[in-house]
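What follows is the residue order along each chain.
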Amino acid sequence: AQTVTQSQPEMSVQEAETVTLSCTYDTSESDYYLFWYKQPPSRQMILVIRQEAYKQQNATENRFSVNFQKAAKSFSLKISDSQLGDAAMYFCAYRSAEGNSGYALNFGKGTSLLVTP
Amino acid sequence: DTEVTQTPKHLVMGMTNKKSLKCEQHMGHRAMYWYKQKAKKPPELMFVYSYEKLSINESVPSRFSPECPNSSLLNLHLHALQPEDSALYLCASSPADSNYGYTFGSGTRLTVV
């Protein structure tokens, strides 16, 4: 089974600064998908960014970008120009590309991000 | 419509009650999911429906009974729950054959008394 590890239970960043959240995963598969989800206190899980394992180019969505290192099985999230609204729990997630897993997501334990003015 | 709608948002039930959680989406997604989330923990997969058929049941106790009446609707029937079943129950959907992530609903906060 694939495991996803987020080693930072909590992180703090000042408004307008940059922060990087870490994620590593363990898999024997060569094709898979990786995601970062944000869960604010409103509790809805929001997709922040996704990465396809067979694409070497790192995904970018506005202020959010990833550093995907396939050989190292690392998938970190960089948030630039942090805003107060970025405060939330961030989950890293893995999804196999093989259909026999039913497209289930494996989540890491999450990183709670605090943004200070 | 790009939303997954869950009702009710909050539910308090006794251990002898029978209740149902409802999830609805109109995005044409053919995979739907139930997750259970305890406070400050990641979501845990309970059930996966693909093309209205149950494809994954993660050894969930029988007091939780899922149902997928059609491609837009997913229910979770609850009966004889325990206080430890109190949690946030999240529904999600996705295209069945796609690499896109899920769209989640905002969840039902369940309290069992």
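Everything below is about the structure printed above this text.
Residues numbered from 1 in each chain as written. Chains lettered and ligands numbered in written order. Predicted model: local features only at pLDDT ≥ 70, side-chain atom pairs only at ≥ 80, totals over all residues. Heavy atoms only, no water.

Visitor: Could you clarify how one ought to interpret the pattern of salt bridges in this entry?
Guide: Oppositely charged side chains can form a pair if their charged atoms are brought close together. One pass over the full model with this rule turns up seven salt bridges over all chains. Of the charged contacts, one joins K55 of chain A and E52 of chain A as a salt bridge, the two residues approaching to 3.8 Å between their closest N and O atoms. Its relative accessible area of 42% is what places K55 of chain A among the partly exposed residues. Judged by its relative accessible area of 8%, E52 of chain A falls in the buried class. As a salt-bridge pair, E52 of chain B and R30 of chain B come within 2.8 Å of each other at their nearest N and O atoms. Residue E52 of chain B is found in the loop between β5 (44-50) and β6 (53-57), and its partner R30 of chain B is found in the loop between β3 (18-25) and β4 (31-37); the two are separated by 22 residues along the sequence. A relative accessible area of 28% means that E52 of chain B is categorised as partly exposed. Classification of R30 of chain B as partly exposed rests on a relative accessible area of 30%. Look at the salt bridges and you will find they share partners, linking R50, E52 and K55 of chain A into a network. (Salt bridge = Lys/Arg side-chain N within 4 Å of Asp/Glu carboxyl O. Buried < 20%, exposed > 50% of the residue type's maximum accessible area, 1.4 Å probe, protein only. Helix = DSSP H or I, 4+ residues; strand = E, 2+ residues; numbered from the N terminus.)

Visitor: Would you mind showing me how to read empty space enclosed by the protein here?
Guide: If a probe as big as a water molecule is rolled over the atoms, it shows which places are left empty. Residue and element names in this part refer to chain B. Scanning the entire structure with this criterion turns up one cavity of 30 Å³ or more. By volume, the largest cavity amounts to about 30 Å³. Taken together, H29, R30, A31, M32, Y49, S50, Y51, E52, C68 and S71 make up the full set of residues lining the largest cavity. A per-class count over the lining of the largest cavity returns five nonpolar, three polar and two charged. (1 Å grid on protein atoms, 1.4 Å probe; cavity = no way out; pocket = protein on both sides within 12 Å on 5 of 7 lines; lining within 4 Å. Points joined across faces, edges and corners; volume = space filled by probe spheres on them. Nonpolar A, V, L, I, M, F, W, Y, C, P; charged D, E, K, R; others polar.)

Visitor: I'm lost on the environment of S72 of chain B in this one. Help?
Guide: Residues and elements named next belong to chain B. Of note, S72 is situated in the loop between β7 (64-70) and β8 (73-79). Taking relative accessible area as the criterion, S72 reaches 19% and is therefore assigned buried. The spacing of S72 and Y102 is 30 residues in sequence and 15 Å in space, taken between C-alpha atoms.

Visitor: I'm lost on the interface of chain B and chain A in this one. Help?
Guide: Many structure descriptions define interface size as the accessible area lost when the parts assemble. Counting residues at the interface gives 26 residues for chain B and 21 residues for chain A. Both faces considered, chain B and chain A share a buried interface measuring about 1900 Å² in area, 52% of it formed by carbon and sulfur atoms. Where chain B touches chain A, the interface holds eight residue pairs in polar contact (both at pLDDT 80 or more). Only β4, β5, β9 (87-94) and β11 (108-112) of chain B provide two or more residues apiece to the side of chain B that touches chain A. The greatest single-element share of the side of chain B that touches chain A, amounting to three residues, is contributed by β4 of chain B. Taken together, the residues that form the side of chain B that touches chain A break down as 13 nonpolar, nine polar and four charged. (Contact = heavy atoms within 4.5 Å. Buried area = accessible area lost by both parts, 1.4 Å probe. Polar contact = N/O pair within 3.5 Å; in protein donor to acceptor, adjacent residues only side chain to side chain.)

Visitor: Just checking my understanding: could you explain the sheet that holds β3 of chain B for this structure?
Guide: In a beta sheet, neighbouring strands are held together by backbone hydrogen bonds and run either parallel or antiparallel to one another. Residue and element names in this part refer to chain B. Taking strand neighbours across the sheet as the criterion, the four strands line up as β1-β3-β8-β7 in an open arrangement whose pairing is antiparallel. Pairing within the sheet leaves two strands with one partner each, and these edge strands are β1 (4-7) and β7. Across the sheet, the axes of successive neighbouring strands diverge by a mean angle of 20°, strand direction being ignored. One ladder, built from seven bridges, connects β3 with β8; its direction is antiparallel. Across the sheet, residue K18 finds its bridge partner in β8, namely H79. (Pairing = 2+ DSSP bridges. Axes fitted to C-alpha atoms, helices over the stretch in contact; angles between N-to-C directions.)

Visitor: Just to check I follow, could you spell out the pairing of β1 of chain B for this structure?
Guide: In summary, the side chains of a regular strand alternate between the two faces of the sheet. All names here are of chain B. Where burial is concerned, the two faces of β1 differ: the one with V4 and Q6 is buried and the one with T5 and T7 is not. In this structure, β1 lies alongside β3, joined through four bridges in antiparallel fashion. Opposite V4, over in β3, you have Q25 as the bridge partner.

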